[in-house]
Amino acid sequence: MSDSSPLPPARLHPDAELAREALSTPLLSRAVRLARWAGPATRVDAGGGLVDEQLPAAAEALGLGGEEAAADAGEAWRVAVDAGLVDVVDEEEGTVTAGADLALLTGGSPQDVLTIWLAALETVLADASVPDLDGLVDAIAAGDGSGELDLSSLDWDPEAEAEFLDGVLRNLYLLTAGEEGPAGAPVPLPALAASVLVPDDMPEPTDDVLHQVSEAMMRLDDQFRMLEPVGLVEYQPVDEALLVEGDVESDEEPAEPQDETDVSRYGVVRLTPLGLYGLRARLLAAGFEAPAVGDLTDKGADALLDGTAVFPPAAAHAETEQWLARREPLAAARELLAAARGSDKSAPLRRLQCQQALSLVGLSAEPALREVLDDAELGGLARVWLTEHGATDVPPPSEAMIFWLTVDTVAAQLAAEGNSEELRALVEGLARQHSGFFATAWRVEHPATADVLEAMGRLHPDKKIAKEARKAAFKARSQHGG
């Protein structure tokens, strides 16, 4: 997780709901049952794992059967030990007792439960980065006869494998926390593997890269099967028929399926609400700035406007709603308007965020908007709000205020979106609706006037109008000595 790009705000479920989900996950619930099953006769090895002779009884206590019963019981026991649900009390004798954290699952807070679940998650993630046991046996056999593990023969780099899985999970987090698609939409396994392996500047992946993606899919298929029981993901595995056919592991990349049914055959994964919480906790522990909706509710309006400026629309809306819910509407409106003032580069975007926040405040905010009608920076914004809310006796804006508000609005859109199609449409509309716009606009006393006019010249498709905008930008810079 070395990429330092900003992370979108996560929309987390309440802790109590997440704690209930954690307790109901198959792996943690099994670990709890084994912790309660363990007694004076339970024996563990030097590493704290159940001795082989105990595994059948542990599997029976969990109601497990089949070839994987012992392995599943052993994994649940490791989780119980690592999460503090059982303690090894005598390493030489290999005896255990109930851990101090076991009681927290019934008598602790939701946060206590989630802390224990996070410990369980770390155990599973560590296991998921280890190759299959058959490979480990082969690696030992390939050694010098000492029984030591020969990692070079296994072609396994533990650090690289953990880093790859972290990268995959981070991209899954980005897709889930952001607004690239419907919330919680499943992600095809090939797309997730490619997001980590295919360089951004590679227009078409090479055959070698496509082969790496196919191999990575097989590793991820095994890893997501392991991560589903701990509640991190919901996973539909790769269709076994594809493995038999050899389509996924062949040197040639299969033709991309055209319908959703075929795509799902290659595996699809969805991060659960609990998984979103867990990955965010790991990102925070790794030093990332991983915001969550609700982080700003106890901060001032200045922090709200600056913070939500980089949020996707739905997250900004949710954050603002939570912030307003804690405040009296009129006082909140006054605080927002005060925070929106300023002539710095971020001020236009703050005013845009303020306008959007005020759209969520009811008519009780009207006095605050009337108080700033004569304000040079807020008067235009106030008139728009009052008119939209059906207020009467709203004084018409002067031409100077209209032009100032126009420049401020375009500056805010530039800061928020850059050269977007929406901004291009806004620029075209302004030039069309106001004949002689540029003859007046360059005189506007706004810090961003020249930058806005330059952008309009860059964005407008009509060469003649674009030239007028550039000339106006030059005049604006000359007027202000820039």
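See the structure above.
The model shown is predicted, which means the values in this text are computed figures rather than measured ones.

Cut-offs and rules
Counting from 1, residues in each chain are numbered in the order their sequence is written. Totals for whole chains, interfaces and linings use all residues, but because this is a predicted model, local features are given only for residues with pLDDT of at least 70 and pairs of side-chain atoms are given and counted only at 80 or more. As a rule here, side-chain values cover all heavy atoms of the structure and leave hydrogens and water aside. Only strands that DSSP links by at least two bridges are regarded as paired with each other. Runs of H or I in DSSP of at least four residues are treated as helices and runs of E of at least two as strands, each being numbered from the N terminus. Working definition: rings of Phe, Tyr and Trp (its six-membered ring) pair if their centres are within 6.5 Å, and the pair is stacked with planes under 30 degrees apart, edge-to-face with planes over 60 apart, and tilted otherwise. When accessible area is computed with a 1.4 Å probe and restricted to protein chains, residues below 20% of their type maximum are described as buried, those above 50% as exposed, and intermediate ones as partly exposed. Both a distance and an angle decide whether a charge sits over a ring: NZ of Lys or CZ of Arg must be within 6 Å of the ring centre and within 35 degrees of the ring normal. Among buried residues, those of type Ala, Val, Leu, Ile, Met, Phe, Trp, Tyr and Cys that are joined through side-chain atoms within 4.5 Å constitute a nonpolar core. Every residue pair with non-hydrogen atoms within 4.5 Å of one another is taken to be in contact.

1. Let's talk about the pairing of strand β5 (residues 268-271)
Then, number 1: Pairing analysis gives two bridges linking strand β3 (residues 187-188) to β5, with the strands arranged antiparallel. By the bridge assignment for β5, P188 is matched with V268.
Then, number 2: Examined bridge by bridge, strand β4 (residues 233-236) and β5 share four bridges and lie antiparallel to one another. When the bridges of β5 are listed, Y235 appears paired with V269.

2. Quick notes on the packing of aromatic side chains
Then, number 1: What the rule picks out here adds up to three aromatic pairs.
Then, number 2: Seen in terms of ring centroids, F403 and F437 are 5.4 Å apart; in terms of plane orientation they differ by 20°. Their pairing is stacked. Here F403 is found in helix α21 (residues 399-417), whereas its partner F437 is found in helix α23 (residues 437-441), with 34 residues between them in sequence. Across this residue pair, the class does not change: F403 and F437 are buried.
Then, number 3: Each member of the aromatic cluster is reached from another via a ring pair, and the members are F403, F437 and F438.
Then, number 4: Taking NZ or CZ as reference, R219 lies 4.6 Å from the ring centre of F164, over its face.

3. Observations regarding the nonpolar core
Then, number 1: Ranked by size, the top nonpolar core spans 74 residues in total, and within it L85, W117, F224, L232 and V233 carry the most contacts.
Then, number 2: In terms of residues, this core owes the most to one element, helix α6 (residues 110-128), which gives ten residues.
Then, number 3: Once residues lying within four places of it in the same chain are set aside, the contact partners of L85 are L28, A31, V32, A35, A80, A98, G99, D101, L102, L105 and I116.

4. As for the environment of P40
Then, number 1: One can find P40 in the loop between α2 (26-37) and α3 (55-61).
Then, number 2: Taking the C-alpha atoms as reference points, P40 and T95, separated by 55 residues in sequence, lie 6.7 Å from one another.

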